[in-house]
Amino acid sequence: MPPALTAESFALLQLHDVELELTAIRYRLLGVHSTLPPGKGEVDRELDLEDESSMSGHLRAVIETLLEDKIEPALRDLRALEGLPEMP
C-alpha cells in the first residue's frame with residue numbers, strides 16, 4: 001500500500017481495478033454468447049421452449065444467468081462505491 005493512502009482509499013483503488021476487470025469479463029461473456037447459435041425456443045417464441053437440451057442452449061443459458069445474477073449486480077455495486085465520499 002502506498003504510504004500516502006489510507007487503507008480505505010487503497011481498497012477503493014483496488015475495487016476500481018476489479019470493476020475494470022469485471023467489465024472486461026462481461027464483454028468476453030457477451031462475445032462468447034454471441035458466437036453460439038440461438039436455441040429453437042429463442043428463435044420461435046411461440047414454441048415456448050427452454051432449449052437447454054442442446055449444448056449451445058445450455059451454454060447460452062449459463063452465460064445469461066452469470067450476467068444477470070452475478071456480473072451485472074456486482075458491477076452496479078462497485079460503481080455505486082465510486083460515489084461514496086472518501087473516508088477522513
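Computed from a prediction, not measured in an experiment: that's the story for all the values here. Residue indices follow the written sequence of each chain, beginning from 1 at its first position. With the structure being a predicted model, the display of local features is reserved for residues of pLDDT at least 70 and the display and counting of side-chain atom pairs for 80 or more, all residues being used for whole-chain, interface and lining totals. With hydrogens and water stripped out, all remaining heavy atoms of the structure feed into the side-chain values.

J.: Looking at this model, I keep getting lost on the nonpolar core. Mind explaining?
T.: Side chains of nonpolar character tend, in soluble globular proteins, to be buried together. In terms of nonpolar packing, the biggest core is built from eight residues, these being L22, L29, L36, I63, L67, I71, L75 and L78. Counting from the N terminus, the helices are DSSP H or I runs at least four residues long and the strands are E runs at least two residues long. Counting residues per element, the ones that place at least two in this core are α1 (7-35) and α3 (55-81). Tallying contributions element by element places α3 first for this core, with five residues. The contact definition used throughout considers only heavy atoms, calling two residues in contact when any of these lie within 4.5 Å. Not counting residues up to four positions away in its chain, the partners in contact with L75 are E19, L22, T23 and R26. Think of a nonpolar core as a cluster: buried Ala, Val, Leu, Ile, Met, Phe, Trp, Tyr and Cys residues, connected wherever their side-chain atoms sit within 4.5 Å. Partly exposed describes any residue whose relative accessible area lies between the buried limit of under 20% and the exposed limit of over 50%, with all areas from a 1.4 Å probe on protein chains only and scaled to the type maximum.

J.: Any chance you could explain a nonpolar patch on the surface here in plain terms?
T.: Excluding any residue in a salt bridge, patches collect residues exceeding 30% relative accessible area, merging like charges within 9 Å and nonpolar Val, Leu, Ile, Met, Phe, Trp and Tyr side chains within 5 Å. In these tables, accessible area is a Shrake-Rupley quantity obtained with a 1.4 Å probe, and a residue counts as shielded only by the protein chains included in the view. We count a salt bridge whenever a side-chain nitrogen from Lys or Arg sits within 4 Å of a carboxyl oxygen from Asp or Glu. A cluster of nonpolar residues, L12, L15 and V18, forms a patch on the protein surface that exposes about 200 Å² of accessible area. Following the sequence through the fold, L12 ends up in helix α1. Here L12 falls in the partly exposed class, since its relative accessible area comes to 33%.

J.: Please explain α3 as it appears in this structure.
T.: For an α-helix, the turn length of 3.6 residues means that residues three or four places apart are oriented alike. Here, expected helix span is obtained from the residue count minus one, scaled by 1.5 Å. With 27 residues, α3 should cover 39 Å at 1.5 Å per step; its first-to-last C-alpha distance of 38 Å lies within 8% of that length. At any given residue, the bend is defined as the angle formed between two axes, one fitted to the seven residues that end at that position and one fitted to the seven that begin there. At L67, α3 is bent by approximately 40°, the largest bend along its length. S56, G57, R60, A61, I63, L67, I71, L75 and L78 are the residues of α3 that are buried.

J.: Would you mind going over the packing of α1 against α3 with me for this structure?
T.: The packing of two helices is summarised by the inter-axis angle and the distance between the axes. Only C-alpha atoms enter the line fits that serve as axes; for helices the fit covers just the stretch in contact. Angles between N-to-C directions range over 0 to 180 degrees. Two elements in contact, α1 and α3, have axes separated by 10 Å at closest approach and are oriented at 155°. Comparing the axis directions of α1 and α3 gives the class roughly antiparallel. By crossing handedness, the relation of α1 to α3 is classed as left-handed. For the pair formed by α1 and α3, the contact residues are L12, L15, V18, E19, L22, T23, I25, R26, L29, L30, V32 and H33 on the first element and R60, I63, E64, L67, I71, E72, A74, L75, L78, R79 and L81 on the second. Looking at side-chain class alone, the contact of α1 with α3 contains 15 nonpolar, two polar and six charged residues. Every angle not falling under 35 degrees, over 145, or within 65 to 115 is termed oblique; those three ranges are roughly parallel, roughly antiparallel and roughly perpendicular. Rotating anticlockwise by less than a right angle from the far helix to the near helix defines a left-handed crossing, while the corresponding clockwise rotation defines a right-handed one. Lys, Arg, Asp and Glu make up the charged group, whereas Ala, Val, Leu, Ile, Met, Phe, Trp, Tyr, Cys and Pro make up the nonpolar group; the residues left over, Gly among them, are polar.

J.: I would appreciate a short explanation of the packing of aromatic side chains in the present structure.
T.: Paired rings are identified among Phe, Tyr and Trp, the last through its six-membered ring, by centres lying within 6.5 Å, and are further divided according to the angle between planes into stacked (under 30 degrees), edge-to-face (over 60) and tilted (the rest). Scanning the entire structure with this criterion turns up zero aromatic pairs. The ring of Y27 carries R26 above its face, with NZ or CZ at 5.2 Å from the centroid. Working rule: Lys NZ or Arg CZ, within 6 Å of ring centre, within 35 degrees of ring normal, means a charge sits over the ring.

In short, the description is geometric, and any link to function would need to be established separately.
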